[in-house]
Amino acid sequence: MTIDATMVGRSYTAAESYQVGREKIREFADAIGDPNPAYRGDDAVAPPTFAFVLSAPALDLLLADPELGLRLDRIVHGAQKFNYVRPIRVGDEVAATATITTVRKAGDVEVIMYETVLTSGDGEQLATSTATVSHNRADS
Amino acid sequence: MTTIEAGTELPPLTVTIRREDLVRYAGASGDFNPIHWNDRMAIALGLPGVIAHGMLTMASAARVVTDWLQNPADLVEYGVRFTKPVVVPDDDKGATVTFSAKVDKVVDGSAEIDITAIFGDEKVLGRARAVVRVS
């Protein structure tokens, strides 16, 4: 199958929430080389781009939708934007819902925009992640 | 913090990304796309070689702002376009990216900051912009 504009509006909600742990935040901060003390300890907050990691379980569902026929190894990230309500903290249980917002085609390349809303266990909105990806369907 | 006004330049940041950093980021982020660790697959997809995760470059660019802010909670909006790939060679030298940032305008308690990321002679991020709360 392939992806086209009729798939705009499809939503994917991760089956399980993501429990944000202190060590995961530290590991992520180390991986981006950021020594900021805000990202360490029991009261740590997550670095801003960690929001993308939290959107990944919903993206995985989008990638697994057989009607879209997407493959991770053919995807290149074109643009990314975040709107933050508050930082993600240790102990947050984060739910993610991704919605396809735009699909454009240029030959074998599909440009897909999707928006992921991150909410805490009690329904508080934490952040919105908007990603644009290019998917190349050409045989290589 | 000193006065924030249009034209204020933030302290720049230089980051070197090596293959091991891509492996570490892949593990920490869960993004195991092979274009970030496998030359064969990167080249098959038309890339010059293994490229850094755009999200890793974006994370480093954010540091210019969060280092300056001190409190990451003051970042309210942050967006970039990935305009050129950061090709990371399979050597010990890696790829060096230099980040700088400047306040574009201050309106109603918010500062809009433009961020520049240079790798070699080229900008690797386009329209990299952060909005932060300022008191």
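In the block above lies the structure referred to throughout.
Read on for an overview of the structure. (Residues numbered from 1 in each chain as written. Chains lettered and ligands numbered in written order. Predicted model: local features only at pLDDT ≥ 70, side-chain atom pairs only at ≥ 80, totals over all residues. Heavy atoms only, no water.)

### Observations concerning the packing of aromatic side chains
Ring pairs (aromatic) are described by centroid distance and by the angle formed between their planes.
Step number 1: Under the criterion given, the structure shown has four aromatic pairs over all chains.
Step number 2: Ring centres 6.0 Å apart and planes at 85° place the aromatic pair tyrosine 18 of chain A and phenylalanine 50 of chain A in the edge-to-face group. With tyrosine 18 of chain A in strand S2 (residues 18-19) and phenylalanine 50 of chain A in helix H2 (residues 50-64), the pair connects residues that are 32 residues apart, well separated along the chain.
Step number 3: Aromatic side chains phenylalanine 28 of chain A and tyrosine 25 of chain B sit 5.7 Å apart centroid to centroid with 55° between the ring planes, which places their arrangement in the tilted category. Taken together, the residues phenylalanine 28 of chain A in helix H1 (residues 22-31) and tyrosine 25 of chain B in helix H1 (residues 19-29) connect one chain to another.
Step number 4: Judged by its relative accessible area of 0%, phenylalanine 28 of chain A is buried.
Step number 5: A relative accessible area of 1% places tyrosine 25 of chain B in the buried class.
Step number 6: Pairwise contacts between aromatic rings join Tyr18, Phe28 and Phe50 of chain A together with Tyr25 of chain B into one cluster. (Phe/Tyr/Trp six-rings, centres within 6.5 Å; stacked < 30°, edge-to-face > 60°. Helix = DSSP H or I, 4+ residues; strand = E, 2+ residues; numbered from the N terminus. Buried < 20%, exposed > 50% of the residue type's maximum accessible area, 1.4 Å probe, protein only.)

### Observations concerning the interface of chain A and chain B
Step number 1: Contact residues are listed per partner, giving 32 residues for chain A and 30 residues for chain B.
Step number 2: Carbon and sulfur atoms supply 61% of the area buried between chain A and chain B, which totals about 2,600 Å² over both sides.
Step number 3: Broken down residue by residue, the surface that chain A buries against chain B is led by Ala31, Asp73 and Tyr84 of chain A, which jointly contribute 19%.
Step number 4: At the boundary of chain A with chain B, the tally comes to two salt bridges.
Step number 5: Linking aspartate 34 of chain A and arginine 63 of chain B is a salt bridge whose minimum nitrogen-to-oxygen distance equals 3.9 Å.
Step number 6: At the level of secondary structure, the elements contributing two or more residues to the side of chain A that touches chain B comprise H1, H2 and strand S3 (75-84) of chain A.
Step number 7: It is S3 of chain A that provides the largest number of residues to the side of chain A that touches chain B, a total of ten residues. (Contact = heavy atoms within 4.5 Å. Buried area = accessible area lost by both parts, 1.4 Å probe. Salt bridge = Lys/Arg side-chain N within 4 Å of Asp/Glu carboxyl O.)

Functional significance is not addressed by these values, which are geometric in nature.
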